[in-house]
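Architecture at a glance
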Amino acid sequence: MKYAILSDIHANIDALESVLAHARTEGCEQFVCLGDVVGYNANPAECVAKIREMEMPCILGNHDEYSAKDIDLSSFNPVAAEAVEWTRQQLTPEDRQWLAALRYVRLVDSFTIVHATMDGPRQWGYVQDKMAAAASFTYQSTPICFHGHTHVPLAFMSEGGKVHGGTYNCVQVEQGKKYFINVGSVGQPRDSDPRAAYVIYDDTEKRIDLQRVEYDIESAQAKIRAAGLPDRLAERLALGR
Ligand code: ZN
């Protein structure tokens, strides 16, 4: 079966719809979401509705948590806090309840999904190097775990206690190794490639393929500006940063 693994949609409905259409043409049958459905961009309610309607397995991201629960935002940077406040107002109490009830870690068939790290799924740490990946591997009990959070696609592999990692396009899954795969971001890529990112995992072929999809960035930017959200959030979509 082919799984489409999506993360960090961040209320970007234009990117989400383009990714879903692409995944369907690629033959994906099961869709999985690694959290941060909302935050930053202008269509949080539409993105929550889409994920709920498709009944895809989904876990909690930090922005989902900030938007769903009444957490104090005084320690946030002002741009992020403004977007969270705005997002809270866009969601119905029922949407916020749905988000608040999402778990931090889930098993989907043979693999694990987590937003940030396996060693501290509630602490929202960032896995950007082999040391951080090694800490996460300690808590990973399935051969494959998919994550997001940094918005930068990276693949880490562990074999006999040694961890390797880096950027990737395709990973062939081998027996006896563990994989901790960052699938990148659908709605706000930060690896200098503005195209939406997601992963197709084929559990028959044992292949993990990174996908990049063009979408209507100008439409997403226009919605951000019309909503009165910080202009920097629109600008960064075109830069992929
Ligand atoms: Zn995110």
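Higher on the page you've got the structure.
Remember, it's a predicted structure, so these values are computed and weren't measured experimentally.

About the criteria used
- Residues numbered from 1 in each chain as written.
- Predicted model: local features only at pLDDT ≥ 70, side-chain atom pairs only at ≥ 80, totals over all residues.
- Heavy atoms only, no water.
- Helix = DSSP H or I, 4+ residues; strand = E, 2+ residues; numbered from the N terminus.
- Rg over C-alpha atoms; globule rule 2.2 N^0.38 Å.
- Contact = heavy atoms within 4.5 Å.
- Areas by Shrake-Rupley, 256 points an atom, 1.4 Å probe, with all protein chains shown as cover.
- Lys, Arg positive; Asp, Glu negative; His and termini not counted.
- Charge placed at Lys NZ, Arg CZ, Asp CG, Glu CD.
- Disulfide = S-S within 2.5 Å.
- Buried < 20%, exposed > 50% of the residue type's maximum accessible area, 1.4 Å probe, protein only.
- Pairing = 2+ DSSP bridges.
- Right-handed = clockwise from strand over helix to strand, strands pointing away.
- Axes fitted to C-alpha atoms, helices over the stretch in contact; angles between N-to-C directions.
- Arc of directions from axis to C-beta.

Considering the overall build of the protein chain
A tally of regular secondary structure across the protein chain gives eight helices and 11 strands. Over its C-alpha trace the protein chain gives a radius of gyration of 17 Å, about what one expects of a compact globule, namely 18 Å for 241 residues. Counting only contacts in the protein chain whose residues sit at least 6 apart along the sequence, the fraction spanning at least 24 positions is 71%. As displayed, the protein chain has an accessible area near 10400 Å², and 46% of this comes from carbon and sulfur atoms. In the protein chain, the 24 positive side-chain charges and the 33 negative ones have mean positions that sit 4 Å from each other.

Re the state of the cysteines
As enumerated under the stated definition, the model contains zero disulfides in all. Cysteine C47 is unpaired, with the sulfur of C33 as its nearest cysteine sulfur at 9.4 Å.

Looking at the pairing of strand β5 (residues 144-147)
Across the two faces of β5 the burial is the same, with I144 and F146 and C145 and H147 all buried. Of the pairings in the sheet, the one linking strand β4 (residues 111-114) to β5 comprises two bridges and is parallel in character. Along β5, the bridge assignment pairs T112 with C145. As for the winding sense of the linkage, the β-α-β connection from β4 through helix α6 (residues 130-137) to β5 is right-handed. Here β5 pairs with strand β9 (residues 178-182) via four bridges, running parallel. Bridged to C145 within β9 is F180.

Details of the sheet that holds strand β3 (residues 105-108)
Read from one edge to the other, the open sheet built from six strands follows the order β3-β4-β5-β9-β6-β7, with strand pairing classed as mixed. Bordering the open sheet on either side are β3 and β7 (162-166), each of which pairs with just one other strand. Going from strand to strand, the sheet's axes swing by 20° on average, the running direction of each strand aside. Examined bridge by bridge, strand β6 (residues 154-159) and β7 share five bridges and lie antiparallel to one another. Bridging from a neighbouring strand, A155 pairs with G166 of β7. Along the sheet, α6 contacts β6, β7 and β9; its crossing angle with β7, the most-contacted strand, is approximately 125°.

With respect to helix α5 (residues 93-100)
All of the buried residues in α5 are D95, R96 and L99. Angular distribution of buried residues about the axis of α5 spans 100°; they occupy a single face of the element. Projecting away from the buried face of α5 at angles above 90 degrees are the exposed residues P93 and Q97. Packed against the buried residues of α5 are α2 (44-53), α3 (62-68) and α4 (78-90).

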